[in-house]
Structures are given as structure tokens and as C-alpha cells.
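Structural overview for review
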Amino acid sequence: MAQLYFRYGAMGCGKTMQLLQVAFNYEERGQKVCVIKPSTDTKNGTKLLTRIGPERDTNFCFDRRTNLLNRIKKDYADVACVLVDEAQFLTPKQADQLLQVVVKLDIPVMCYGLRLNFRMTDGGFEGATRLLQIAHKVEELKTICDCGRKATLNTRWLNDKMVTDGPDVLIDGTTKIEYRALCAHCYFKNLEEK
């Protein structure tokens, strides 16, 4: 029986790498997959890129208006699995549509994304919040902080300074932008040094 999975973790924990591994495993066995990501993630166009090298094209990118149930039903009903990168950018309605893909089309859906944004004050991303509420299985992917502790928080750095305000989506431009995963101890230490 198909299920909806939400695999989350802090930045740099290998979410996209794991998604690519799952796609490879299905395809190695002669099964088709549908790999998608939100068009909000403009940095690499239609490609999924990992920090350590592997990459692949998506089947399609979606925006906030895309009905994912209808699109998958129309063009990808024959796949063995749907894989969603950057799932935190889903709308709650799209998360519900992915649950319908599981129930109505009997296709497993595996979503990979962040649980919290860098502000840590607003409850995180609406797509992640909805997936935490409705997924059949929720799994944390772990990474470590520079200090060696488990990193659970995402931080944004502008010109080498940690910031705690601004839009959820900010892609490299004229300002040096960096995202780092930190443990709570290092997060509050850096916050005090601001």
C-alpha cells in the first residue's frame, strides 16, 4: 500500500542526495519515477544538484498554482514513485494533493525538505507544517554542527553575519548569502554575538 513520506533535516544533511539514491534504486530495477521540485528553487533551473556532485533533471517544476494531483494523474500515472525535492515550498493544498496521489492513484510519494526556516519564530514553512500533519511516515535526516553536536536549526548568513529576519527565499545575488546548519547551542551563541 502506497504511503506519503516526509523526510526532513537541516541544511546539508543530504536530503537531495537521498532523493537521487531512491530514484536510482527504482530506475535500476526498471521502474519509472517522477522527480519534481518547486519553481521557487531557481538557483539550478530544472536540475537537482547535490553538494557532493550527483545531479539530475526533474520531470517538471511546479509553482504555487499547480494542481499536483491533476498533473501527476495526467502525465505520470504510470510511475512507481513520486519524489519531491524542496517540499517545504509546497502549499498546504499541494501537500493534500500529494496525499491524494497516494490514496487515489496508489503511488508512493516521498517528500524531502526543511522543517524550519532560518527565523525559527514562525513555525517553519507551510508545506513542511502540513506534511508533518498528514504524512504516513515522518523521518529526520541528521547532520552535524561545526561543533560536532546534532544540527537541527537552519541559519542565514549575509556577508558573514547571521541574520534572523528577511524573506523565506533569498538566492545568491549581489550580497554574499550562505546557509548553515547549527545546533541550538551554537545558534544562540551566534545570536548573542549579533
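Check the entry above for the structure.
Okay, so let's go over this structure. Because the structure is a prediction, the values reported are computed rather than measured. (Residues numbered from 1 in each chain as written. Predicted model: local features only at pLDDT ≥ 70, side-chain atom pairs only at ≥ 80, totals over all residues. Heavy atoms only, no water.)

Positive phi is not limited to glycine here, since Glu 86 has a value of about 55°. Examined against the element boundaries, Glu 86 turns out to sit in the loop between strand 6 (81–84) and helix 3 (92–105). Judged by relative accessible area, Glu 86 falls into the partly exposed class, the value being 23%. Of note in this structure, Asn 159 is not a glycine but carries a positive phi near 50°. With respect to the helices and strands, the residue Asn 159 is situated in the loop between strand 11 (153–158) and strand 12 (161–163). (Helix = DSSP H or I, 4+ residues; strand = E, 2+ residues; numbered from the N terminus. Buried < 20%, exposed > 50% of the residue type's maximum accessible area, 1.4 Å probe, protein only.)

In contact at an axis separation of 8 Å, helix 3 and helix 4 (residues 126–134) are set at 35° when each is read in the N-to-C sense. The interaxial crossing formed by helix 3 with helix 4 has right-handed handedness. Listed contacts from helix 4 to Pro 92, Ala 95, Asp 96 and Leu 99 of helix 3 are Glu 126, Arg 130, Leu 131 and Ile 134. Here the contact of helix 3 with helix 4 is built from residues that sort into five nonpolar, no polar and three charged. (Axes fitted to C-alpha atoms, helices over the stretch in contact; angles between N-to-C directions. Left-handed = near helix turned anticlockwise from the far one by under 90°. Contact = heavy atoms within 4.5 Å. Nonpolar A, V, L, I, M, F, W, Y, C, P; charged D, E, K, R; others polar.)

Quick look at the sheet that holds strand 13 (residues 177–182) now. With antiparallel pairing, the three strands of this open sheet are ordered in space as 12-11-13. The open sheet has two edge strands with one neighbour each: strand 12 and strand 13. Neighbour to neighbour, the strand axes of the sheet diverge by 40° on average, direction disregarded. Here three bridges tie strand 11 to strand 12, and the two strands are oriented antiparallel to one another. (Pairing = 2+ DSSP bridges.)

This brings us to the nonpolar core. Residues Leu 4, Val 82, Val 84, Leu 98, Val 109 and Cys 111 are the most contacted members of the largest nonpolar core, which totals 31 residues. Elements represented by at least two residues in this core include exactly strand 1 (4–8), strand 2 (33–38), strand 5 (60–62), helix 2 (68–75), strand 6, helix 3, strand 7 (109–113) and helix 4. Broken down by element, this core gets its largest block of residues, four residues, from helix 3. Those residues in contact with Val 84, other than ones at most four positions away along the chain, are Leu 19, Ile 36, Phe 62, Leu 98, Val 109, Met 110, Cys 111 and Tyr 112. (Core = buried A, V, L, I, M, F, W, Y, C linked by side-chain atoms within 4.5 Å.)

For the rest of this paragraph, the subject is the sheet that holds strand 1. Reading across the sheet, the six strands line up as 5-2-6-7-1-8 and stay open at both edges, with parallel pairing between neighbours. Edge strands, defined here as strands with exactly one partner in the open sheet, are strand 5 and strand 8 (137–140). If you compare each strand with its neighbour and ignore which way they point, the axes differ by 20° on average. Relative to strand 5, strand 2 runs parallel, the two sharing three bridges. Residue pairing across strands places Ile 36 opposite Phe 60, the latter belonging to strand 5. Relative to strand 5, helix 2 is tilted by about 160°, and along the sheet it contacts strand 2, strand 5 and strand 6. Against the sheet, helix 4 contacts strand 1, strand 7 and strand 8, and its axis sits at roughly 130° relative to strand 1.

As a further point, take the pattern of salt bridges. Summed over all chains, the structure comprises 13 salt bridges. Residue Arg 130 is joined to Asp 96 by a salt bridge in which the shortest nitrogen-to-oxygen separation is 2.8 Å. Pair noted here: Arg 130 is in helix 4 and Asp 96 is in helix 3, with a separation of 34 residues, a long-range link. A salt bridge links Lys 150 to Glu 140; the nearest nitrogen and oxygen atoms lie 3.0 Å apart. Residue Lys 150 is located in strand 10 (residues 150–151), and its partner Glu 140 is located in strand 8; the two are separated by ten residues in the primary sequence. For Glu 140, a relative accessible area of 26% translates into the label partly exposed. Taken together, the shared-partner salt bridges connect Lys 47, Glu 55 and Asp 57 into one network. (Salt bridge = Lys/Arg side-chain N within 4 Å of Asp/Glu carboxyl O.)

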